[in-house]
Amino acid sequence: MSHLLSVDDLGRDGIDEVLQLTESFVEVSSRAIPRVSALRGKTVVSLFFEDSTRTRLSFEAAAKRLGADTMTFSAGSSSLKKGESIRDTIQTIEAMGVDALVVRHASAGVPAQVARWASSSVINAGDGWHEHPTQALLDCYTIRQRLGSLEGRRIAIVGDVKHSRVARSDVKAFTALGASVTLVAPPTLLPPSLAGWSATASHDLDEVVGKSDVVYLLRMQRERMTEALVPSLREYTAAYGLTPARADRVEAAGAIVMHPGPMNRGVEIAADVADRPNVVVVDQVRNGVPVRMAVLFLLLGSRRDLVEEPGGDDRG
Ligand code: CP
């Protein structure tokens, strides 16, 4: 694999390989000096054309913990502002000698286009409504960590599915690992067709909530909406928000609650529900670093480098 643009690039075996490798990097992350030199000499560039907290910082932490050098490109303070094209920007950055480009863009397909232009490995860090494959990988890892396996699990993905790249990647990854997925949303927040989605749909959260092992909440992505798709946020919350009463039913079923972040407390999740012990949002963020270490290592490293360094790199 030379790029990671979609969960489809991995398939079940590839997902399993990433999750297995993640275990090694969880162990590395628990060391006093959480660093190895498996990617020493490699350079990883974050190319974010859209805002991010979790994905950008965790990719940068992942690259550094593998001993790679990092460079950060911020669109807002770059020569794009002076009219330079993305293609020329990529050519310029690659001329400095880089090995991987981690790309986020508000438009679907930009990382794939960058991969056609670039000679480095390209990782999709979220493109428009299309995909966010490393989010799906860290979500799978978190579910395995909490529930043991995804095989036979029932997962409800709730909220703004229509605009969600996370939902698209998660459905692919969850079903590849044997889970069944129900998309729960009002008709206006579901894709016009579920052709190509391995999932069923429901408009009734109360019917689904007590029967699910995982309730995965999505953010209302107001920046991607071009029209009013719900009557009001208050009505949306009443019908599709994780209220304290619904959260009690989730807890009673022994289920976990997930959210990719950033959360809108008081909209898709009640403010105090977000801090309950079965809400695993912080685990998802924590797992993002070793999962992204695994992805970078699979693209840029060699197993030999990992095996030769059992004690880790304490050279700072
Ligand atoms: N989940 C996620 O992609 O968060 P960021 O937008 O903060 O990277």
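Bear in mind that the values here come from a model prediction, so they are computed numbers and not experimental data.

Conventions adopted
Residues numbered from 1 in each chain as written. Predicted model: local features only at pLDDT ≥ 70, side-chain atom pairs only at ≥ 80, totals over all residues. Heavy atoms only, no water. Near = heavy atom within 4 Å. Polar contact = N/O pair within 3.5 Å; in protein donor to acceptor, adjacent residues only side chain to side chain. Areas by Shrake-Rupley, 256 points an atom, 1.4 Å probe, with all protein chains shown as cover. Nonpolar A, V, L, I, M, F, W, Y, C, P; charged D, E, K, R; others polar. Helix = DSSP H or I, 4+ residues; strand = E, 2+ residues; numbered from the N terminus. Buried < 20%, exposed > 50% of the residue type's maximum accessible area, 1.4 Å probe, protein only. Contact = heavy atoms within 4.5 Å. Pairing = 2+ DSSP bridges. Axes fitted to C-alpha atoms, helices over the stretch in contact; angles between N-to-C directions.

Asker: Mind showing me how you'd approach the site of the ligand here?
Answerer: Near the ligand you find Ser52, Thr53, Arg54, Thr55, Arg104, His132, Gln135, Pro260 and Gly261, and these make up its full shell. Between the ligand and Arg104, the relevant distance is 2.8 Å, taken from an oxygen atom to a side-chain nitrogen or oxygen of the residue. Take Pro260: an N or O atom from its main chain is 2.9 Å from a nitrogen atom of the ligand. Protein contacts shield 91% of the accessible area of the ligand, which totals 250 Å² for the unbound molecule. Taken together, the residues of the shell around the ligand sort by class into one nonpolar, six polar and two charged.

Asker: How should I be thinking about the environment of Val215 in this particular structure?
Answerer: On the secondary structure map, Val215 appears in strand β8 (residues 214-217). For Val215, a relative accessible area of 1% corresponds to the buried category. Along the backbone, Val215 and Val257 are 42 residues apart, and their C-alpha atoms lie at a distance of 4.9 Å. When near neighbours in sequence (up to four residues on either side) are disregarded, Val215 contacts Ala156, Val158, Val209, Val250, Ile256, Val257 and Met258.

Asker: Would you explain the sheet that holds strand β9 (residues 256-258) in this entry?
Answerer: Within a sheet, neighbouring strands are paired by backbone hydrogen bonds and run either parallel or antiparallel to one another. One open sheet holds the five strands; their spatial order is β7-β6-β5-β8-β9, and the pairing between them is parallel. Pairing within the sheet leaves two strands with one partner each, and these edge strands are β7 (200-202) and β9. Pairs of neighbouring strands in the sheet enclose a mean axial angle of 25°, with direction left out of account. Note that strand β6 (residues 180-184) and β7 share three bridges and pair parallel. The residue bridging Val184 from the neighbouring strand is Ser202, located in β7. The strands that helix α5 (residues 133-147) touches are β5 (154-158), β8 and β9; relative to β9, the one it contacts most, it runs at about 165°. The strands touched by helix α6 (residues 165-176) within the sheet are β5, β6 and β8, with β5 carrying the most contacts at an inclination of about 175°.

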